[in-house]
Amino acid sequence: KILVIGAAGQLGSELTKSLAELHGQEQVIATDLNEQARSKFDFCRFEVLDVMNQEKLKSLVKDEKITQIYHLAAVLSATGEQKPLFAWKLNMDSLLSVLELAREFKLNKVYWPSSIAVFGPNTPKIKTPQFVVKEPNTVYGISKQAGEQWCQYYFEKYGVDVRSLRYPGLIGYKSLPGGGTTDYAVDIYHKALAGEKFTCFLKEDSSLPMMYMPDAIKATIELMEAPKESIKVRSSYNLAGMSFTPKELFESIKKHHPDFEIEYQPDFRQQIADSWPDSIDDSQARADWNWSPDYDLDQMTTDILRNLPEYFPIKKEKV
Ligand code: VAH
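Residues numbered from 1 in each chain as written. Predicted model: local features only at pLDDT ≥ 70, side-chain atom pairs only at ≥ 80, totals over all residues. Heavy atoms only, no water.

Caption draft 1: Fine view of the overall build of the chain. Helix and strand counts for the chain come out as 11 helices and 14 strands. For a compact globule of 319 residues, the expected C-alpha radius of gyration is about 20 Å, and the chain comes in at 19 Å, within 12% of that figure. The proportion of buried residues among the 319 residues of the chain is 55%. Counting contacts in the chain only where the partners sit at least 6 residues apart, residues at least 24 apart contribute 78% of the total. Total accessible area on the chain is roughly 13700 Å²; 51% of this is exposed by carbon and sulfur atoms. When the 38 positive and 45 negative side-chain charges of the chain are each reduced to one mean point, those points stand 4 Å apart. (Helix = DSSP H or I, 4+ residues; strand = E, 2+ residues; numbered from the N terminus. Rg over C-alpha atoms; globule rule 2.2 N^0.38 Å. Buried < 20%, exposed > 50% of the residue type's maximum accessible area, 1.4 Å probe, protein only. Contact = heavy atoms within 4.5 Å. Areas by Shrake-Rupley, 256 points an atom, 1.4 Å probe, with all protein chains shown as cover. Lys, Arg positive; Asp, Glu negative; His and termini not counted. Charge placed at Lys NZ, Arg CZ, Asp CG, Glu CD.)

Given below as structure tokens:
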């Protein structure tokens, strides 16, 4: 059985469905902090779980004979800068309790997401390599860098088969933005469809590595289904989809909504974005488990504008 922690988050709300489709609904238990998340999971069992409640987590793993854990709960970059010590504690303590359970119960596999946030101001920004100086300067990035090293430690010392991907900014239409620095790229579509002007919290030429959610789901499933011996990186794999600036994203949407307008009002998140790469070299993932993305910016925009209204009925601005 597969336990998904943080199943109602941006990644979880899409990955959980794919896991249920791949393994069978009765094989997946979705968990999240809030009871109201239950309504999202009509396709598999749902349990309320605070990942910091180690006893509840342990009894779920034991009683349900869990064999895989997808640990997707974390405080993201922007929110993390507002509550540094809380973010560090939640991101690290939760990972360590999952890794300890994996060791103790000899789980088959564990998945834990990392991020391009592990790179910092001293990291080369163009085609950032798999192995390179990191020195992240956000709490979120520090927790992801430390977490990667713990994953590698538990693999090397205890043989725990934990696998990880350094996601770029993820963009999907099935959940609202959740405290990430890249979440302007989610919110912009909602504004375009609502006929509202978009205020962007990053400057127009801020290039960031990004990925459309279907590609992130595909990468995660392919990584987790790959034979163990093909996984050469046990910290976390670089993963690339596309890179674009807010201006390029705006232009891509404008092709569909000619009247769409944008203004740029950079805030504290600009410093976070400035510390991250512009583009990522993911040749190691391509070599080890045959990774390649399907979507580019215009294909993503077309797909989101077509599908978003089904998930978030458009509240047309009162004329
Ligand atoms: C964040 N969406 O902004 C996440 C992601 C690369 C960005 O890690 O915090």
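Caption draft 2: Fine view of the pattern of salt bridges. Across all of its chains, the model carries 21 salt bridges by this definition. In this structure, Glu35 and Arg38 form a salt bridge, with 2.6 Å as the shortest nitrogen-oxygen distance. A residue is classified by how much of its surface remains accessible, and Glu35, at 43% relative accessible area, is partly exposed. A relative accessible area of 36% places Arg38 in the partly exposed class. (Salt bridge = Lys/Arg side-chain N within 4 Å of Asp/Glu carboxyl O.)

Caption draft 3: The sheet that holds strand β1 (residues 2-5), seen in detail. If you walk across this open sheet you meet the six strands as β3-β2-β1-β4-β5-β7, and the pairing is parallel. Two strands close off the open sheet at either side, each with one partner strand: β3 (45-48) and β7 (162-163). Where strand β4 (residues 68-71) lies against strand β5 (residues 109-111), three bridges are found, and the strand directions are parallel. If you follow Tyr70 over to β5, its bridge partner there is Tyr111. Sitting on the sheet, helix α4 (residues 84-104) is in contact with β1, β4, β5 and β7, with an inclination near 170° to β4. (Pairing = 2+ DSSP bridges. Axes fitted to C-alpha atoms, helices over the stretch in contact; angles between N-to-C directions.)

Caption draft 4: Quick peek at the UniProt feature "domain: NAD-dependent epimerase/dehydratase" (unreviewed entry) in the chain. Per the UniProt record, "domain: NAD-dependent epimerase/dehydratase" (unreviewed entry) is found at residues 2-239. In residues 2-239, helix accounts for 39% and strand for 17%; the two terminal C-alpha atoms are 24 Å from one another. (UniProt positions renumbered as here; feature names shortened; annotations may be inferred.)

Caption draft 5: Quick peek at the packing of helix α2 (residues 54-63) against α4. One way to put it is that α2 packs onto α4 with a least axis distance of 11 Å and a crossing angle of 35°. In terms of crossing hand, the pair formed by α2 and α4 is right-handed. Contacts from Gln54, Leu57, Lys58 and Val61 in α2 reach Ser97, Val98, Leu101 and Glu104 in α4. Each residue belonging to the contact of α2 with α4 can be placed in one class, and the counts come to four nonpolar, two polar and two charged. (Left-handed = near helix turned anticlockwise from the far one by under 90°. Nonpolar A, V, L, I, M, F, W, Y, C, P; charged D, E, K, R; others polar.)

Caption draft 6: Just the site of the ligand, in detail. Neighbouring the ligand are Leu76, Ser77, Ser115, Ile116, Tyr140, Pro168, Gly169, Gly180, Thr181, Thr182 and Trp276. Contact between the ligand and Ser77: an oxygen atom at 2.7 Å from a side-chain N or O atom of the residue. Tyr140 is positioned such that a nitrogen or oxygen atom in its side chain is 2.9 Å from an oxygen atom of the ligand. Coverage of the ligand by the protein chains reaches 96% of its 270 Å² of free accessible surface. Of the residues that constitute the shell around the ligand, the class distribution is five nonpolar, six polar and no charged. (Near = heavy atom within 4 Å. Polar contact = N/O pair within 3.5 Å; in protein donor to acceptor, adjacent residues only side chain to side chain.)

Caption draft 7: Representation of the packing of helix α8 (residues 246-254) against helix α11 (residues 297-311) in the model. Look at α8 against α11: their axes get within 9 Å of each other, and the N-to-C directions meet at 55°. Classified by the angle between their axes, α8 and α11 sit oblique to one another. α8 and α11 meet at a crossing whose hand is right-handed. Contacts between α8 and α11 involve Glu248, Leu249, Ser252 and Ile253 from the first element and Leu297, Asp298 and Thr301 from the second. Split into classes, the residues belonging to the contact of α8 with α11 amount to three nonpolar, two polar and two charged. (Parallel < 35°, antiparallel > 145°, perpendicular 65-115°, else oblique.)

Caption draft 8: View of the side chain of Gln270. By the secondary structure assignment, Gln270 is in helix α9 (residues 269-274). Under the relative-accessibility criterion, Gln270 is labelled buried at 5%.

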